[in-house]
Amino acid sequence: MKRAIFPGSFDPLTLGHYDIIKRGVTLFDEIIVAIGINADKKYMFSLDERIKFIEDAFVDEPKVKVVSYKGLTVDFCQEIEVEFILRGLRNPADFEFEKAIAHTNRDLAPIETVFLLTSAQTSYIASSIVRDVIRNNGDYTKLVPNSVRL
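Residues numbered from 1 in each chain as written. Predicted model: local features only at pLDDT ≥ 70, side-chain atom pairs only at ≥ 80, totals over all residues. Heavy atoms only, no water.

The chain carries the name Phosphopantetheine adenylyltransferase in an unreviewed UniProt entry, which gives Wocania arenilitoris as its organism. UniProt, in its Subunit (unreviewed entry) section for the chain, records the words "Homohexamer." The chain has a UniProt comment under Cofactor (unreviewed entry) that states "Mg(2+)". (UniProt positions renumbered as here; feature names shortened; annotations may be inferred.)

With that out of the way, let us pick up the sheet that holds strand 1 (residues 3-8). Reading across from one edge, 3-2-1-4-5 is the order of the 5 strands in this open sheet, with parallel pairing throughout. Each edge of the sheet is formed by a strand with only one pairing partner; in this case those strands are strand 3 (64-69) and strand 5 (112-117). For this sheet, the mean inter-axis angle between neighbouring strands, taken without regard to orientation, is 30°. Looking at chain direction, strand 1 and strand 4 (residues 84-89) are connected through 2 bridges and run parallel. (Pairing = 2+ DSSP bridges. Helix = DSSP H or I, 4+ residues; strand = E, 2+ residues; numbered from the N terminus. Axes fitted to C-alpha atoms, helices over the stretch in contact; angles between N-to-C directions.)

What follows is about the environment of Lys65. Among the secondary structure elements, Lys65 is positioned in strand 3. Counting along the chain gives 48 residues from Lys65 to His17, while the straight-line C-alpha distance between them is 14 Å. Not counting the four nearest positions on each side in its chain, Lys65 is found in contact with Glu30, Ile31, Ile32 and Val33. Separated by 2.7 Å, the side chain of Lys65 and the backbone oxygen of Pro62 make a polar contact. (Contact = heavy atoms within 4.5 Å. Polar contact = N/O pair within 3.5 Å; in protein donor to acceptor, adjacent residues only side chain to side chain.)

Shown next as structure tokens:
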């Protein structure tokens, strides 16, 4: 069984994340959306809210599971016996950043990273932009799945 972890903070889940997960389920038997917990980071949404956003978005997709974890992603992969990390790429800067992480992860553990390019329609969407739109009372609903609409 081919399983992949899709790690991130998902603060909040965006249509870009949603697109990568939907396309990922065609490649893997299971996608584990793994919400990393960083005690030093200030989140807009609680862990429970972020889990619910993802679970509700994929309520009809049994191949998607949602978990949270602390520590290194590769350590978590080994702990739950997952051999692949799924990542989305929006632009060349994402590629350079993600490439360095993928090389480091592969050096630390036998974990392979699989990259999917975001769709043209979602390539500009980032959680930080969505948070800024929400903070400023803008129409964020075009940037997130229905499950995130407050």
